[in-house]
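# Coordinate analysis (summary)
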Amino acid sequence: MTKTGAIHLDALRDGREVFLKGERVADVTSHPAFRNSVATSGLLYDFQAAPENIETLTFVSPDSGERVNRCWQLPHSYEDLVQRREAITAWAELTFGFMGRSPDHVASSLSGMAMGIDVFQRHGEDRAKALMDYFTYVRDNDLFVTYVIANPRADHSKDVSQQEDETLVAAICDEDSQGVTINGAKMLGTSAVIADELLVTTGAPLKPGEEMYAFSVAMPMATKGLKILPRKSYEASAVSQFDNPLSSHLDENDAIILFDNVKVPWDRVFVHKDTEICRAQFTDTPAHMYQNYQAQVRMMVKLRFLLGLARKIAETNGILSIPEV
């Protein structure tokens, strides 16, 4: 069946470790700092599952035969590209373009990686297979995947490998026949609180000698040892939707993600200690272009909203006929 808001919200009650103001959040779907934005993410899936929207927002998975969001669609024609753009636009309009890390953003990135699978094949057939298997899994379950691709740096005058504490940035600290173990931190986990899965990698180029940081892996948000530390919630301080019409339900939040001996199995490892492939996964595949295209569509929707708001203010104030206005 097509994914709905109820399915998404139920999946978020998975025991994930979210800490706010030093206390663990028991249930992100009901906590006053997150419940409205969680409900908004559910609204996206209810919207796609509505009979009148299902053709615009979804397509039939070639493997499962179920309908999933078009953000997972790998285009083969001009028509496919148009349908995908219309789906992204329709979702963005539900949030006036203010939910930047909606599910179609990282889905677009993963779709681009799948389209450029030859880059991962250069790295090794096992890693390429791991990526394609993962792509099929998240696509066919229509999962909300977000990512952390920025490295925290205590001293910004130094590179990642030159920081005083080498465990500051998430790194592969051990590995065995089962997989790799990751310790350290990553930023900025936008929508981490309300997503199903986390892609962990590095967006900025790394240099030789920084192989321990050059990896690309994925894991469920409730993975043992993964801790989500969100920033202050704007939603929690919003008086009402009337007084705070945007922050009251569109605060997707950002978070530092801490990895405390997080074990990642090999079938979830797509790049392993390779600085060149870590860079190429975005730039030598359509991934970077695809995720930025989603962002451009969203910004177009946001601009239309702001222009409409500006015009409404001018109309209300009776200044619309002034030439300079």
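Our subject is the structure listed above.
Residues numbered from 1 in each chain as written. Predicted model: local features only at pLDDT ≥ 70, side-chain atom pairs only at ≥ 80, totals over all residues. Heavy atoms only, no water.

### What about the packing of helix 5 (residues 103-115) against helix 10 (residues 287-316)?
Where helix 5 meets helix 10, the closest approach of the two axes is 7 Å, and the angle between their N-to-C directions is 155°. Relative to helix 10, the element helix 5 lies roughly antiparallel. Of the two elements, helix 5 crosses helix 10, and the hand of that crossing is right-handed. Along the contact surface, helix 5 presents Asp104, His105, Ser108, Ser109, Ser111, Gly112, Met113 and Met115, while helix 10 presents Ala287, Tyr290, Gln291 and Gln294. (Axes fitted to C-alpha atoms, helices over the stretch in contact; angles between N-to-C directions. Helix = DSSP H or I, 4+ residues; strand = E, 2+ residues; numbered from the N terminus. Parallel < 35°, antiparallel > 145°, perpendicular 65-115°, else oblique. Left-handed = near helix turned anticlockwise from the far one by under 90°. Contact = heavy atoms within 4.5 Å.)

### Examining the sheet that holds strand 2 (residues 23-24)
In spatial order, the strands read 2-1-10-11-7-6; together these six strands make up an open sheet with mixed pairing. Among the strands making up the open sheet, the edge pair consists of strand 2 and strand 6 (171-175). Where strand 1 (residues 17-20) meets strand 2, two bridges bridge the pair, whose relative direction is antiparallel. Opposite Phe19, over in strand 2, you have Arg24 as the bridge partner. (Pairing = 2+ DSSP bridges.)

### Points about a nonpolar patch on the surface
The grouping of Leu306, Leu309 and Ile313 at the surface amounts to a nonpolar patch, some 250 Å² of accessible area in total. In this structure Leu309 comes out as partly exposed when scored by relative accessible area, which is 41%. (Patch = residues over 30% accessible without salt bridge, like charges linked within 9 Å, V, L, I, M, F, W, Y side chains within 5 Å. Areas by Shrake-Rupley, 256 points an atom, 1.4 Å probe, with all protein chains shown as cover. Salt bridge = Lys/Arg side-chain N within 4 Å of Asp/Glu carboxyl O. Buried < 20%, exposed > 50% of the residue type's maximum accessible area, 1.4 Å probe, protein only.)

### A closer look at the nonpolar core
By size, the foremost hydrophobic cluster in this structure holds 40 residues, and its most contacted members are Phe34, Leu198, Met219, Ile228, Ile257 and Phe259. At the level of secondary structure, the elements contributing two or more residues to this core comprise strand 1, helix 2 (35-49), helix 4 (78-94), strand 7 (179-186), strand 8 (197-200), strand 9 (215-220), strand 10 (226-230) and strand 11 (255-265). Per-element accounting of this core gives the leading share, five residues, to strand 11. Residue contacts for Leu198: discarding those within four places in its chain leaves Thr146, Tyr147, Val148, Val217, Ala218, Met219, Met221, Leu226, Ile257 and Phe259. If you look at the next biggest cluster of nonpolar residues, it comprises 35 residues, including Cys71, Phe120, Val145 and Tyr213. (Core = buried A, V, L, I, M, F, W, Y, C linked by side-chain atoms within 4.5 Å.)

### Description of empty space enclosed by the protein
Counting across every chain of the model gives two cavities of 30 Å³ or more. In this structure, the largest cavity occupies an estimated 60 Å³ of space. Breaking the lining of the largest cavity down by element, the ones donating at least two residues are helix 4 and helix 10. Residues that form the lining of the largest cavity fall into these classes: five nonpolar, three polar and two charged. The calculated volume of the second largest cavity comes to roughly 30 Å³. Looking at the lining of the second largest cavity residue by residue, the classes come out as three nonpolar, two polar and one charged. (1 Å grid on protein atoms, 1.4 Å probe; cavity = no way out; pocket = protein on both sides within 12 Å on 5 of 7 lines; lining within 4 Å. Points joined across faces, edges and corners; volume = space filled by probe spheres on them. Nonpolar A, V, L, I, M, F, W, Y, C, P; charged D, E, K, R; others polar.)

### Notes on the packing of aromatic side chains
One pair of aromatic rings is described through two measures. These are the centre distance and the angle between the planes. On inspection of all chains with the given rule, the structure shows five aromatic pairs. The interplanar angle of 35° and the centroid separation of 4.8 Å between the aromatic rings of Phe96 and Phe305 together place this pair among those described as tilted. With a gap of 209 residues between them, Phe96 in the loop between helix 4 and helix 5 and Phe305 in helix 10 connect regions that are remote in the sequence. Relative accessible area serves as the criterion here: at 32%, Phe96 is assigned to the partly exposed category. (Phe/Tyr/Trp six-rings, centres within 6.5 Å; stacked < 30°, edge-to-face > 60°.)

### Details of the packing of helix 4 against helix 5
At a minimum axis separation of 10 Å, helix 4 and helix 5 run at an interaxial angle of 155°. Taken together, the axes of helix 4 and helix 5 lie roughly antiparallel to each other. Two secondary-structure elements touch here, helix 4 through Arg84, Ile88 and Trp91 and helix 5 through Pro103, Asp104, Ser108 and Ser111. Here the residues of the contact of helix 4 with helix 5 are counted per class, giving three nonpolar, two polar and two charged.

### Observations concerning the environment of Leu206
Relative to the helices and strands, Leu206 is located in the loop between strand 8 and strand 9. A C-alpha to C-alpha distance of 7.4 Å links Leu206 and Arg279, two positions 73 residues apart in sequence.

### What to know about the side chain of Arg101
With respect to the element layout, Arg101 can be found in the loop between helix 4 and helix 5. An unpaired buried charge is present at Arg101: no salt bridge exists, and Glu252, the closest side chain of opposite charge, is 6.2 Å distant. With sequence-adjacent residues up to four places away left out, Arg101 is seen in contact with Val106, Phe144, Thr146, Tyr147, Thr190, Ser191 and Glu252. (Lys, Arg positive; Asp, Glu negative; His and termini not counted.)

### Structural notes on helix 4
A rise of 1.5 Å per residue sets the reference length of helix 4, with its 17 residues, at 24 Å; its end C-alpha atoms lie 25 Å apart and thus fit the reference within 8%. Among all positions of helix 4, only Asp80, Val82, Arg84, Ala87, Ile88, Thr89, Ala90, Trp91 and Ala92 are buried. Lining the buried residues of helix 4 we find helix 2, helix 3 (54-57), strand 4 (67-69), helix 5 and helix 10. (Expected span 1.5 Å × (residues − 1).)

### Quick notes on the sheet that holds strand 8
Strand order across the open sheet formed by four strands is 5-8-9-12, with mixed pairing between neighbours. The sheet terminates laterally at strand 5 (145-148) and strand 12 (269-272), the two strands that pair on one side only. Going from strand to strand, the sheet's axes swing by 25° on average, the running direction of each strand aside. By the bridge criterion, three bridges tie strand 9 to strand 12 in an arrangement that is antiparallel. If you follow Val217 over to strand 12, its bridge partner there is Val269. Sheet strands touched by helix 5: strand 5 and strand 8. Its angle to strand 5, the strand with the most contacts, is close to 80°.

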